[in-house]
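# What the coordinates show
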Amino acid sequence: MIKAIFFDVDGTLYCNDQNRVLPSTMTALRKLKEKGYLLFLNTNRTYDEVLPLGSDVLDLLDGLVLLGGSWLKGKAGDIEVPVLDAQESQKAIDFLEENHLLYRWVHSGGHGYLNCQSDHLVEMFENAYTMHPDVKAYEGEPLAAILWYTLDDEVRAEMRQILTSAEHIAMGYPNEVILKGSSKSLGMKKMAESFGLTLEECAAFGDGLNDADMLQKAKVGVAMGNGKDNCKAAADYVTDTQV
């Protein structure tokens, strides 16, 4: 019996074309909650980036799986917090600074910061998340993730040499490192276990390339009609598009 449902955010729960959670989606979430299902987000977003979803959405949730499955937050607080290797992180930050690259660092307290002001990054964040990170210099804080912005493969290769104990994700212009071995499916499994559940009691909804494994591992996987082909192939069902 399904007791918990995990939702990807962008392209699934959240309609990026309209920068909101659609009223029909809100109605569905409330009905699921009324029927007693546990509801979770499972997203690559940071904590700062889910806050703009608003209290109407967040108050319905029982927990958050963030940063590609590496960070688990329950209503009572953090369940699992990722921390990257301190020496590797400092070397990576030094390399990015020496090469005058734009980057964002996310500390283990949940907040992310840009290393310097960038109008085009601010615009990118506002368009995607209706928010943008503050600017703050890195001062040795424990890091949950580092994101840097470049299409340069040589920079990516150098960062792989520096951050050997981290999971590297190239998303085009943005590049990200999170805790090694992290995945949305593993984050879903750990969150379910914290509620005394197994994956046999979980359903998952997603649309992206990184959602396929989550949909396969859940008892019931549902791909959005607007989803990627590999996501649809991994799902048990394919539903409608958002609009």
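Residues numbered from 1 in each chain as written. Predicted model: local features only at pLDDT ≥ 70, side-chain atom pairs only at ≥ 80, totals over all residues. Heavy atoms only, no water.

Below, the discussion takes up the sheet that holds strand 4 (residues 71-74). The sheet built from eight strands is open, its strands ordered 5-4-3-2-1-12-13-14 with mixed pairing. Of all strands in the sheet, those bounded by a partner on one side alone are strand 5 (77-80) and strand 14 (237-238). Two elements, strand 2 (residues 38-42) and strand 3 (residues 63-66), share three bridges in a ladder whose sense is parallel. The partner of Asn42 across the bridge, within strand 3, is Val65. Across the face of the sheet, helix 7 (residues 184-194) comes into contact with strand 1 (4-7), strand 2, strand 3, strand 4, strand 5 and strand 12 (202-206) while running at roughly 155 degrees to strand 3. (Pairing = 2+ DSSP bridges. Helix = DSSP H or I, 4+ residues; strand = E, 2+ residues; numbered from the N terminus. Contact = heavy atoms within 4.5 Å. Axes fitted to C-alpha atoms, helices over the stretch in contact; angles between N-to-C directions.)

Burial analysis of strand 9 (residues 143-149) places seven of its seven residues in the buried class, which makes it a mostly covered element. As paired elements, strand 6 (residues 103-107) and strand 9 share five bridges and run antiparallel to each other. For His107, the partnering residue across the bridge sits in strand 9 and is Leu143. Bridge analysis of strand 9 against strand 11 (residues 174-179) gives four bridges, and the strand direction is antiparallel. The residue of strand 11 that forms the bridge with Ile146 is Val177. (Buried < 20%, exposed > 50% of the residue type's maximum accessible area, 1.4 Å probe, protein only.)

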